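Summary of the model geometry
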Amino acid sequence: MKKMSKRQKNKHRTKRKKVNRKRKKQQLSKRRTQSKRRTQPRPWEPVKMEMFNFSNPIPPDISAKKRLALIRSIGANAKKDFEEVVPILVEIVEAPM
């Protein structure tokens, strides 16, 4: 086997590096698609959830101002409940075991 010149060695190295990078990329993309396949449901499988309907809690004959006031009161109650419950939950989560 002949000795290779520096230029030939460098060419050979860069070519091998490119090939190795491409091979690694393919392996990574293959792993990613395999992991996605495991977590995502197959398109032909039916969704296991019952569908249900519920009526609108706000009657349609109420004026826009009253509807807005009703929604704002619901929001205010939710905010108050949230401010009461969150500190308790934070204590529970941050408590040492």
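The structure reproduced in this document is the subject of the present report.

Cut-offs applied
Residues numbered from 1 in each chain as written. Predicted model: local features only at pLDDT ≥ 70, side-chain atom pairs only at ≥ 80, totals over all residues. Heavy atoms only, no water. Helix = DSSP H or I, 4+ residues; strand = E, 2+ residues; numbered from the N terminus. Buried < 20%, exposed > 50% of the residue type's maximum accessible area, 1.4 Å probe, protein only. Areas by Shrake-Rupley, 256 points an atom, 1.4 Å probe, with all protein chains shown as cover. Patch = residues over 30% accessible without salt bridge, like charges linked within 9 Å, V, L, I, M, F, W, Y side chains within 5 Å. Salt bridge = Lys/Arg side-chain N within 4 Å of Asp/Glu carboxyl O. Lys, Arg positive; Asp, Glu negative; His and termini not counted. Charge placed at Lys NZ, Arg CZ, Asp CG, Glu CD.

Our focus in this paragraph is the overall build of the protein chain. Each helix and strand in the protein chain was counted, giving two helices and zero strands. Considering the protein chain as a whole, with its 97 residues, one finds that 1% of them fall into the buried category. About 10900 Å² of surface is accessible on the protein chain, with carbon and sulfur atoms providing 58% of the total.

Another aspect to go through is a positive patch on the surface. On the surface, Lys3, Lys6, Lys9, Arg13, Lys17, Lys18 and Arg21 cluster together to form a positively charged patch. You can call Arg21 exposed: its relative accessible area is 56%.

Another point: a nonpolar patch on the surface. A cluster of nonpolar side chains, contributed by Val85, Ile88, Leu89, Ile92 and Val93, occupies part of the molecular surface with about 500 Å² of accessible area. Here Ile92 is to be found in helix H2 (residues 64-94).

Nothing here speaks to function; it is all geometry.
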